[in-house]
Amino acid sequence: MATLALAVGALVVAPGAAHAAPAVPGGTSRAAAVQLPVADLDSSFTATNAQISTTRGQDGQAWYNVTWYSWTPSADVRVYMRATSTDPVGWDNTLEVWSGSTMLAQNDDSYALDAALRLDLRAGTSYRIGLGGYHQGSRGEVTLQFATRTPTAPREPSVTAAPGGATVTWAAPSDLAGGVTGYRVLCTPEGGQEVECGSVTGTPPPTSTTVDGLTNGTRYAVRVVATNVIGDSEGSAPVTVVPQDTSTTTVTTQPEVPVSGQPFAVRVAVTSSAAVTGTVDVTIGDEVRTGVPLVDGAAVLEGLVRSAGPLRVSAAYAGTTSLAGSAATRDTTVVRRAQQVTLDALPADLVYAGAPVRLQGSSDQGLPVTYSADGACAVRGDVLDLVDVGTCTVTAAHAGDSETEPASATVTAEIGRRSQSVALAPLPALVYGQEPAELFAASSVGLPVQVDAQGACRVEDGRLVVTDVGPCTVTAVQDGDERTSPAQAVVRTGDVARRPQTVTIGAFAAPTLGRPVPTVVATSDLGLPVTLTATGACTVVDGALVAVSTGECVVTAQQAGDLRTLPGAASTTVVVSGPDATVTLVLDARLGSTAAGAPVSGRGEGLRPGTEATLVVHSTPRTVATGLVATDGTVELTGVLPTDLEPGTHRLVVSGTGFDGHAVTTETTFVLADDGTFVQIGDRRVAALATTGGDAASTAGVAALWLVLGAGLVVVARRRAAAAR
């Protein structure tokens, strides 16, 4: 049986190689396998199972959708084959190899989802190579790559020393021989045996690695070998390296910034993970000090003095056999020495044109100082003149020299302005609507005074104008000028009172009960709306004065005022008299008509409100209608005549009570025939009275008597009414 091993790496396929030629499909079964379309087993082609749909176990096959290729080697050979998915990329492919009815090897995932196999083939034996898929739907194209030889040697090796090791880099072989799966690094110490000191793997593997475990100070020869699934390549050309520990040199100055004329030190420190010994060479500006010994890895040079200016300090450590040297440079600047200038504070009570001030300033280095001034002052040597009002700034300074920094000190003071005061006369009594009032304000130094007002007033053309009621605040200020301080503001306050108003009632006639006065005119002298009310014997209804009884009637006009106006009122008293009391009577019937149910009515005017009026038929008194007298002294009575009146003469009487309490009445007579019809109503009568029973002469005589009597009663009633008036 052939020897079998799974590959640990993958072949390298040039980008685009899978589509350099059309895919070659295999056979649909092992018996119908297609000859591999390659010249030898160090070639590749594009294979596909896209046209195949088979299941696992079909004809013994290990995977789904297997397509078949055949190859018969002419000599024994070890071969590596790899399926790299290309369309679609990453589809889950499989490989299996058969000899006759025996499956020699199979693989699913050698690298990711790609399958790979390594096996030994016998000369003259026919082999079947199956490309399939792991799942029922796994189909696509692959690059099927074969390799039977090892790669050529890696190229262009290089090595860089590191503490206890080295970093090795190289270029891939010019002939990858189907794909490199790894590299081995071989190290040979001087006078010793070659050993493997590092390795890398991958698809493709990296072309550099770090080698550890070497001895510092020992020279090594280094070679690189490429590996594929067939074996190792020849080694690369050797390169040499001597591992060393690294060192770091630092340079500092103490103090960090040297000062001109002042001593300073330079400190050199060499650090490493290994012991540091030996000396350093130190250069300070143009001075070189060689062979300065290191003590515990450090060397210190003290008592150095330099003038101001740039300074470069450098140090170099040569190293030892096992410790690499190092160097450092520090660029610094020797700065000029500092100085401090002081200046005494200026007095706090300076005023414009006041006495000159003697200035007191000095430098701690004993250097002379000069003075300058800005603002409301000027300098004459060391004397300060106060030439204006405002801020005065004085500076004492020394400009410095080649070894000394400049320095200055500054003080400030305020030169005060003259003072002033403002006078403002008290405010007069204020009433809304009054004429503008004069304001009197003045400054003690004659400067114009600004007068403003707030609240219920304002200032116009120097006069106070009232604009509302309420608090009024007047403020007088004088802001001063460049030489005069502002004056303290003077504030006067007052309250603007509401304006008065006068309400008047125009003359009007006294009302009579039942006869309203339609218009009573009341006005405010400010034109504000006035409200009328009345008490006593009258009231106001819809603007008219209406009498409700006799006697005194008090009419009042009121204006409630508003935010700016006081209330106002006026009243007047009139006497209400009652009207003439009258009652009237109407019998609405025709002569000859039936009296029973005939309508009758009465009306009263000038009667006492609340009393009762009656409408009565006689001779046997029976009330036809009653009514209550209204507030305006009127009453309406309506009714009908009874149905059972007897034939003969009757009276219809209306009665009421006048305002003075006397009875007021009026009446009319009517005569009924035996059949109950009217033969006479008041002065109206039929041409000839009807005869019922007795003789005509007797009947006519009775009728005439009643007429005379009725006429007399009417006259009596009217005289009584006239007397009551």
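Residues numbered from 1 in each chain as written. Predicted model: local features only at pLDDT ≥ 70, side-chain atom pairs only at ≥ 80, totals over all residues. Heavy atoms only, no water.

Student: I'd love a proper account of the sheet that holds strand 37 (residues 437–438), names of residues and values included.
Tutor: Taken in spatial order, the 3 strands make up an open sheet running 37-41-40, and their pairing is antiparallel. Each edge of the open sheet is held by one strand with a lone partner, namely strand 37 and strand 40 (457–460). Two elements, strand 37 and strand 41 (residues 463–466), share 2 bridges in a ladder whose sense is antiparallel. Paired with Ala437 across the two strands is Leu464, which belongs to strand 41. (Pairing = 2+ DSSP bridges. Helix = DSSP H or I, 4+ residues; strand = E, 2+ residues; numbered from the N terminus.)

Student: Explain the environment of Asp525 to me, and be specific about the residues and the numbers.
Tutor: Looking at where Asp525 falls in the secondary structure, it is placed in the loop between strand 45 (522–524) and strand 46 (531–536). Setting aside its immediate chain neighbours within four residues, Asp525 contacts Gln501 and Thr502. (Contact = heavy atoms within 4.5 Å.)

Student: Could you give an account of the side chain of Thr94, naming the residues involved and the relevant values?
Tutor: On the secondary structure map, Thr94 appears in strand 7 (residues 93–99). Assessed through its relative accessible area of 0%, Thr94 is described here as buried. Among all residues touching Thr94, those that are not within four sequence positions of it are Trp63, Asn107, Asp108, Ala115, Gly130, Leu131, Gly132, Gly133 and Tyr134. (Buried < 20%, exposed > 50% of the residue type's maximum accessible area, 1.4 Å probe, protein only.)

Student: Give a description of the sheet that holds strand 24 (residues 298–304) that names residues and reports values.
Tutor: The 3 strands are arranged 20-21-24 in an open sheet whose pairing can be described as antiparallel. With one partner strand each, in any of the chains shown, strand 20 (248–254) and strand 24 form the two edges of the open sheet. With direction set aside, neighbouring strand axes in the sheet form an average angle of 10 degrees. Here 5 bridges tie strand 21 (residues 264–271) to strand 24, and the two strands are oriented antiparallel to one another. Counterpart to Phe264 in the pairing with strand 24 is Leu304. (Axes fitted to C-alpha atoms, helices over the stretch in contact; angles between N-to-C directions.)

Student: Let's hear about unusual backbone geometry: which residues, and what values?
Tutor: Across the junction of Asp87 and Pro88, the peptide omega takes the value 0 degrees, indicating a cis bond. Positionally, Pro88 belongs in the loop between strand 6 (77–87) and strand 7. Backbone torsion omega between Gln254 and Pro255 reads 0 degrees, so that peptide bond is classified as cis. Phi is positive for Asp296, close to 55 degrees, though the residue is something other than glycine. On the secondary structure map, Asp296 appears in the loop between strand 23 (287–293) and strand 24. A relative accessible area of 80% places Asp296 in the exposed class. Of note in this structure, Asp461 is not a glycine but carries a positive phi near 50 degrees. For Asp461, the position within the fold is in the loop between strand 40 and strand 41.

Geometry only, nothing functional implied.
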